[in-house]
Amino acid sequence: MKGIIFLSCLLAVVVSGKYTDKYDNFDYKEVVENEKLFQAYLKCFLDIGPCTPEGKEVRSHLEEALQNGCEECTEKQKEGIEYCIRYMIEKKPEQWKSLCDKFDPTGKYKKQYEKEAEQRGIKIP
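Not measured: the values here are computed from a predicted model.

Here's the deal with the packing of aromatic side chains
Okay, so step 1: Enumeration according to the criterion identifies 4 aromatic pairs in this entry.
Okay, so step 2: Centre to centre, the rings of Y83 and Y87 are 6.2 Å apart; their planes meet at 20°, and the pair counts as stacked. Of the two residues, Y83 and Y87 both sit in helix α6 (residues 75-91), 4 residues apart, roughly one turn of that helix.
Okay, so step 3: With a relative accessible area of 24%, Y83 lands in the partly exposed category.
Okay, so step 4: Given the relative accessible area of 14%, Y87 is considered buried.
Okay, so step 5: Put simply, the rings of Y28, Y83 and Y87 pair up and form one aromatic cluster.

Quick look at the environment of L37
Okay, so step 1: Following the sequence through the fold, L37 ends up in helix α3 (residues 35-45).
Okay, so step 2: By relative accessible area, which is 30% here, L37 ends up partly exposed.
Okay, so step 3: Setting aside chain neighbours within four positions, we find L37 in contact with E30 and V31.

Some points on the packing of α3 against helix α7 (residues 93-103)
Okay, so step 1: Their axes nearest at 10 Å, the elements α3 and α7 cross at an angle of 15°. On the basis of the axis angle, α3 is roughly parallel to α7. For the crossing formed where α3 meets α7, the hand is left-handed. For the pair formed by α3 and α7, the contact residues are F38, Q39, L42 and F45 on the first element and Q95, L99, K102 and F103 on the second.

Here's the deal with the pattern of salt bridges
Okay, so step 1: The full count for this structure, using the stated rule, is 7 salt bridges.
Okay, so step 2: We note a salt bridge from R86 to E82, for which the minimum N-O separation is 2.7 Å. Of this pair, R86 and E82 both sit in helix α6, 4 residues apart, which is roughly one turn of the helix.
Okay, so step 3: Between E116 and R120 there is a salt bridge; the shortest N-O distance is 3.5 Å.

Structural notes on the nonpolar core
Okay, so step 1: One finds F45, I85, I89, W96, L99, I122 and I124 to be the most contacted residues of the largest nonpolar core, which totals 30 residues.
Okay, so step 2: Where this core is concerned, the elements lending two or more residues are α2 (28-33), α3, α5 (62-68), α6, α7 and α8 (108-119).

Basis of the calculations
Counting of residues starts from 1 at the beginning of each chain's written sequence and follows it residue by residue. The model is predicted, so local features are restricted to residues of pLDDT at least 70 and side-chain atom pairs to those at 80 or more, both for listing and for counting; the totals for chains, interfaces and linings are taken over all residues. No hydrogens and no water enter the side-chain calculation; it runs on all heavy atoms of the structure. Here a pair means two rings of Phe, Tyr or Trp (six-membered ring of Trp) with centres within 6.5 Å. Their orientation is stacked below 30 degrees between planes, edge-to-face above 60, and tilted elsewhere. Helix and strand definitions follow DSSP, with helices as H or I runs of at least four residues and strands as E runs of at least two, each counted in order from the N terminus. Burial classes follow relative accessibility: with a 1.4 Å probe on protein chains only, a residue under 20% of its type's maximum area counts as buried, one over 50% as exposed, and anything between as partly exposed. Two residues form a contact once any of their heavy atoms are found within 4.5 Å. Between N-to-C directions, angles span 0 to 180 degrees; the directions come from axes that are lines fitted to C-alpha atoms, helices contributing only their stretch in contact. Any angle that is under 35 degrees is reported as roughly parallel, and any over 145 degrees as roughly antiparallel; angles of 65 to 115 degrees are reported as roughly perpendicular and all others as oblique. Should the near helix be turned counterclockwise from the far one by less than a right angle, the crossing is left-handed, whereas a clockwise turn marks it as right-handed. Each reported salt bridge corresponds to a side-chain nitrogen of Lys or Arg within 4 Å of a carboxyl oxygen of Asp or Glu. By nonpolar core is meant a set of buried Ala, Val, Leu, Ile, Met, Phe, Trp, Tyr and Cys residues that side-chain atoms within 4.5 Å join together.

Written out as structure tokens, the structure is:
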């Protein structure tokens, strides 16, 4: 799932440069579908609010995951990544834009991963 990485990092927790399955059972649907939880994680990723331990770990490795295409993500993480990205693009476009503005201000990753997203039925705005 090399491409659809932005929110990949919600779930693809990286430890010492390696992706771990420690949080594979993390309930990502609950986070994105629960407004209070969603806002808390969003503020963490945007550096405008406190972070849970999982949020801190993810935030500290976002750039690396974007660069390497999440190639060390587990299959469960990849499923979660796709779900979260699709959900945000369809239901939370302003928040999606905020993440893109922070982590991909030049559009480099959007361009890099756009074709793969399209193949998965995701139109990255």
